[in-house]
Amino acid sequence: MDSIRIRGGRPLEGEIEIFGAKNAALPLMAASLLTEETLTLSNIPHLTDITTLAHLLAQHGVEIGMDGNARRGGNAGRVLSLRAREITDTTAPYELVCRMRASILVLGPLLARVGQATVSLPGGCAIGTRPVDMHIDGLARLGAEILLEDGYIRARVRGRLRGAEIRLPFASVGATENLLMAATLADGETVIRNAAREPEVVDLALCLKAMGAEIGGIGSDELVIRGKEALSGTEHDVVGDRIEAGTYALAAAIVGGDVELAGAPAPSLRALLDYLASAGVAVSETPRGLRVRGNGRPVAADVTTQPYPGFPTDLQAQAMALMAVADGAAVITETIFENRFMHVQELRRMGADITVRGPAALVRGVDALTGAQVMATDLRASSSLVLAGLAAEGETVVHRVYHLDRGYERIEDKLAACGAEIDRVPH
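Figured I'd write up the structure that's included with this text. (Residues numbered from 1 in each chain as written. Predicted model: local features only at pLDDT ≥ 70, side-chain atom pairs only at ≥ 80, totals over all residues. Heavy atoms only, no water.)

Moving on to unusual backbone geometry. Residue Pro-309 is reached from Tyr-308 by a cis peptide bond, and omega for that bond is 15°. One can find Pro-309 in the loop between strand E18 (303–304) and helix H10 (316–323). If you check the backbone angles, Asp-150 has positive phi at about 55° while not being a glycine. Tracing the backbone shows Asp-150 in the loop between strand E8 (145–149) and strand E9 (152–156). (Helix = DSSP H or I, 4+ residues; strand = E, 2+ residues; numbered from the N terminus.)

This next bit is on the packing of helix H5 (residues 133–141) against helix H6 (residues 173–183). Here H5 crosses H6 at 25°, and the two axes come no closer than 8 Å. As judged from the angle between their axes, H5 and H6 are roughly parallel. Where H5 crosses over H6, the two elements pack in a sense that is right-handed. Residue-level contacts link Met-134, His-135, Gly-138 and Leu-139 of H5 to Gly-174, Ala-175, Asn-178, Leu-179 and Ala-182 of H6. (Axes fitted to C-alpha atoms, helices over the stretch in contact; angles between N-to-C directions. Parallel < 35°, antiparallel > 145°, perpendicular 65-115°, else oblique. Left-handed = near helix turned anticlockwise from the far one by under 90°. Contact = heavy atoms within 4.5 Å.)

Our next topic: the sheet that holds strand E22 (residues 373–375). Strand pairing in a sheet takes place through backbone hydrogen bonds and is either antiparallel or parallel in direction. Here 4 strands make up an open sheet; going across it, the order is E22-E23-E1-E24 and the pairing mixed. Both edges of this open sheet fall to E22 and strand E24 (421–425), since each of them pairs with a single strand only. The sheet shows a mean angle of 20° between the axes of neighbouring strands, taken without regard to direction. When strand E1 (residues 3–7) meets strand E23 (residues 395–399), the two strands line up antiparallel, connected through 4 bridges. Across the sheet, the residue bridging to Ile-6 is Thr-396, located in E23. Packed onto the sheet, helix H12 (residues 379–391) meets E1, E22, E23 and E24 and runs at close to 170° relative to E23. (Pairing = 2+ DSSP bridges.)

All right, on to the pairing of strand E16 (residues 282–286) then. Summarising the sheet, E16 and strand E17 (residues 289–294) pair through 5 bridges and their orientation is antiparallel. Counterpart to Val-283 in the pairing with E17 is Val-292. Turn length for the E16-E17 hairpin, with the two strands adjacent in sequence and antiparallel, is 2 residues.

Attention shifts here to the sheet that holds strand E12 (residues 214–216). Strand order in the open sheet formed by 4 strands is E10-E11-E13-E12, and the pairing between neighbours is mixed. With partners counted over all chains shown, the strands left at the sheet margins are strand E10 (165–167) and E12, one partner each. Neighbour to neighbour, the strand axes of the sheet diverge by 15° on average, direction disregarded. Inspection of the sheet shows E10 paired to strand E11 (residues 189–193) by 3 bridges, in the parallel sense. Across the sheet, residue Arg-167 finds its bridge partner in E11, namely Arg-193.

Let's shift gears to H12. Counting buried positions over the 13 residues of H12 gives 12, a clear majority of the element. Among the residues of H12, the N-terminal cap falls to Asp-378, whose side-chain oxygen and the backbone nitrogen of Arg-380 are separated by 3.2 Å. (Buried < 20%, exposed > 50% of the residue type's maximum accessible area, 1.4 Å probe, protein only. Polar contact = N/O pair within 3.5 Å; in protein donor to acceptor, adjacent residues only side chain to side chain.)

Attention now moves to the packing of aromatic side chains. Inspection of the entire model under this criterion finds 1 aromatic pair. Pairing Tyr-275 with Phe-311 gives two aromatic rings, centres 5.4 Å apart and planes at 70°, and the pair type is edge-to-face. Residue Tyr-275 is located in helix H9 (residues 270–278), and its partner Phe-311 is located in the loop between E18 and H10; the two are separated by 36 residues in the primary sequence. A relative accessible area of 5% places Phe-311 in the buried class. Above the plane of the ring of Phe-19 lies Lys-414, whose end atom (NZ or CZ) is 4.1 Å from the centre. (Phe/Tyr/Trp six-rings, centres within 6.5 Å; stacked < 30°, edge-to-face > 60°. Lys NZ or Arg CZ within 6 Å of the ring centre and 35° of its normal.)

To continue, consider the pattern of salt bridges. This model, assessed by the stated rule, comprises 28 salt bridges. Residues Arg-154 and Glu-149 are paired through a salt bridge, measuring 2.9 Å at the closest nitrogen-oxygen approach. Residue class for Arg-154 comes out partly exposed when judged on its relative accessible area of 28%. Exposure remark for Glu-149: the relative accessible area of 33% places this residue in the partly exposed category. (Salt bridge = Lys/Arg side-chain N within 4 Å of Asp/Glu carboxyl O.)

It is worth spelling out the side chain of Asp-378 at this point. Relative to the helices and strands, Asp-378 resides in the loop between E22 and H12. Within the local environment of Asp-378, its side chain forms a polar contact with the backbone nitrogen of Arg-380, the two atoms lying 3.2 Å apart.

This paragraph deals with the environment of Asp-367. Position of Asp-367 relative to the elements: it lies in the loop between strand E21 (360–364) and E22. Residue Asp-367 is classed as exposed on the basis of its relative accessible area, which comes to 72%. With 193 residues separating them in the primary sequence, Asp-367 and Gly-174 have C-alpha atoms 40 Å apart. Of note is the side chain of Asp-367, whose polar atom sits 3.3 Å from the side chain of Arg-297.

Any functional reading would require information that these geometric values do not contain.
Written out as structure tokens, the structure reads:
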């Protein structure tokens, strides 16, 4: 397994291009199962999660093509064409689904399109239980018969799914997306209450509308979907990755310098921008995205993760790396996942002063971190260790960076182009 090696202490100067959001691209790819026509997605990042889902969709019969050098709509990134002329297999096997939780997003589209699906219970990062109960309960409300056996979700519907009122007990992004896709081909009207409002959900809804779906309340916590007999193909640009942009913004903040994030979706990063301002970091919008300028040592600032539009849980670990070198003490509270402090022990190896009590971590800023050998435990934890390495004295080696490759394209190249001393060590 590859490692990332960093010699810290160098400021970042230059431009970093932000690609399409992984968390938007994955449900958009799954939406290709809803139509026999071609769905063309541009601004697709090159990530292992994208490859994993492509392999799964191919197993279901989706014809997939990619143009690796195309630019469409002003966005860089790959163009992916997907066509599910015929669903040839309705099983999503364990060996593919266990690699990535987002694989469960094929459940709703398969059930809506062909009336049956057998999907392995998902795997992915070990940051919490993240049960799939809301997916299952919601589909049952739409008329599906569902059985859990041998580690698989076996779902079937007699005829077509039927519209229903569904109230989610928690504003789950994945459940909202799965139920939204399923409802587009259901008979009648479906109302999803307490729906997730994340930009990635909005991006999916806009694409589905372009495919012919009738959806009201986009961007709110109540979605109203009137099912159609069939959907058509379309072309869609994937929204920019707010988590990738936020990670690089925090990288610029932790080491100082002046970085422009081209393609950063500023409107969806308001909570982060407010947080950076409270930490003494200068952030301004530009015609191309965002400009971040570190102004010396950051100031300690408390933060609590919340569903959108609150502070993203996917930036909590990176914010903790920033607070590890801040002036003062900060409390970071995690309200989304119960096991998302696994990076704390690795940051401590680098000299961070962090005390965890339940869902809260007290971070007392130190004058400097020290390079060390550290181990990535999940996707966002791995990026927090890279950020800590950028700020640390001496050499840091981050192991098990296959986690990193699930959500960041060429992170070492992008940072090196801005002056960081960082490279990938193959094994």
